[in-house]
Amino acid sequence: MGEQMIRIALAAGLGVALLGARDAGPAAVGALYVAAVTAALVQYDLRQRRLPDALVLPGLAFAALGALWSALSASSGIAVVVTAALCGLGVLLAFLVLASGGGLGMGDVKLAALLAAALGALVAGRGPPTGEGAVDVAAVGAVVDVAAVGAVVAWVLASLVLGGIAAGLVLRSRAGILGGTSPELPFGPVLLVTFWAVALGW
């Protein structure tokens, strides 16, 4: 019961903070889904070292819904959809490469793709597709929001840096106690903490 209350309180707090942020609109649907499952994902990853597909994969549909809703109801047009799709796909491919070297699981890869799509849609939905914040991409015949891409890149870099620091600290502490074992650091909480830092602060 206590854990359930913590999950509800965290989801409500993140949702209120997100909706209170600058120009949060329909594109925030994906991020609101992330708010609803953040506490559960952190608990699963810390305790079981896994991120359940049942919590992660539905978020992709919510992110797509928010991007489409924003495209139909706001002046941003197709820019939100294209930006969210490119951010999600780009991060998916990048994390697949990282996972091939070890240290990341497929749950981390799927969660990263969801967070990238949700963050890309959220930031792109805040601004117009033309002017200083966007660039025309002829290859896809649409507009990509540069600010949103920048937010996703900043989130990825922050996640990798924070994850590296945390892994180093765990390795040092375990080396002194257990004689140098490899750290098994759950990366999901790192991805989520940095996601919310960027989503609420960008």
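No experiment lies behind these values; they were computed from the predicted model shown. (Residues numbered from 1 in each chain as written. Predicted model: local features only at pLDDT ≥ 70, side-chain atom pairs only at ≥ 80, totals over all residues. Heavy atoms only, no water.)

Notes on the overall build of the protein chain
(1) Moving on: Regarding its fold elements, the protein chain presents seven helices and two strands.
(2) Moving on: Each helix and strand of the protein chain, ordered N terminal to C terminal, gives the series α-α-α-α-α-β-β-α-α.
(3) Moving on: Here the protein chain, with 202 residues, has 42% of them falling under the buried criterion.
(4) Moving on: When the accessible area of the protein chain is evaluated, it comes to approximately 9,700 Å², of which 70% is carbon and sulfur surface. (Helix = DSSP H or I, 4+ residues; strand = E, 2+ residues; numbered from the N terminus. Buried < 20%, exposed > 50% of the residue type's maximum accessible area, 1.4 Å probe, protein only. Areas by Shrake-Rupley, 256 points an atom, 1.4 Å probe, with all protein chains shown as cover.)

Some words on the pattern of salt bridges
(1) Moving on: Within this structure, the stated rule accounts for one salt bridge.
(2) Moving on: Ionic pairing is found between Lys-110 and Asp-53, a salt bridge with its closest N-O pair at 3.0 Å. On the criterion of sequence distance, the pair formed by Lys-110 in helix α5 (residues 106-124) and Asp-53 in helix α3 (residues 53-73) is long-range, its members being 57 residues apart.
(3) Moving on: Overall, the relative accessible area of 25% leaves Lys-110 in the partly exposed class.
(4) Moving on: With a relative accessible area of 35%, Asp-53 lands in the partly exposed category. (Salt bridge = Lys/Arg side-chain N within 4 Å of Asp/Glu carboxyl O.)

Topic: the side chain of Asp-45
(1) Moving on: Within the element layout of this structure, Asp-45 appears in helix α2 (residues 29-48).
(2) Moving on: Within polar-contact distance, the side chain of Asp-45 engages the backbone nitrogen of Gly-188 at 2.8 Å.
(3) Moving on: When neighbours within four sequence positions are excluded, Asp-45 is seen to be in contact with Arg-50, Leu-51, Asp-108, Pro-186, Phe-187, Gly-188 and Pro-189. (Polar contact = N/O pair within 3.5 Å; in protein donor to acceptor, adjacent residues only side chain to side chain. Contact = heavy atoms within 4.5 Å.)

What to know about the packing of aromatic side chains
(1) Moving on: All told, the structure shown has two aromatic pairs when counted by the stated rule.
(2) Moving on: For the ring pair Tyr-33 and Phe-62, a centre distance of 4.9 Å and an interplane angle of 15 degrees mean the geometry is stacked. In this pair, Tyr-33 sits in helix α2 while Phe-62 sits in helix α3, placing the two residues 29 residues apart along the sequence.
(3) Moving on: Here Phe-195 and Trp-196 contribute two aromatic rings whose centre-to-centre distance is 5.0 Å and whose plane-to-plane angle is 80 degrees, an arrangement assigned as edge-to-face. Each member of the pair, Phe-195 together with Trp-196, is buried. (Phe/Tyr/Trp six-rings, centres within 6.5 Å; stacked < 30°, edge-to-face > 60°.)

Here we look at unusual backbone geometry
(1) Moving on: Positive phi values are uncommon outside glycine, yet Arg-49 reaches one of about 55 degrees.
(2) Moving on: Structurally, the position occupied by Arg-49 is in the loop between α2 and α3.

A short note on the environment of Gly-59
(1) Moving on: Position of Gly-59 among the secondary structure elements: in helix α3.
(2) Moving on: For Gly-59, a relative accessible area of 0% translates into the label buried.
(3) Moving on: Each C-alpha atom, one on Gly-59 and one on Ala-113, is 9.9 Å from the other, the two residues being 54 residues apart in sequence.

Here we look at the nonpolar core
(1) Moving on: With 47 residues, the main nonpolar core has Phe-95, Leu-111, Leu-119, Trp-155 and Phe-195 as its most contacted residues.
(2) Moving on: Secondary structure elements with two or more residues in this core: α1 (2-19), α2, α3, α4 (79-100), α5, α6 (146-178) and α7 (188-201).
(3) Moving on: Element by element, the count of residues in this core is highest for α5, at twelve residues.
(4) Moving on: Setting aside residues no more than four positions away along its own chain, Leu-111 makes contact with Leu-41, Leu-51, Val-56, Gly-188, Leu-191 and Leu-192. (Core = buried A, V, L, I, M, F, W, Y, C linked by side-chain atoms within 4.5 Å.)

Digging into the environment of Gly-25
(1) Moving on: Position of Gly-25 among the secondary structure elements: in the loop between α1 and α2.
(2) Moving on: Note: C-alpha distance between Gly-25 and Gly-66 (41 residues apart in sequence) is 8.7 Å.

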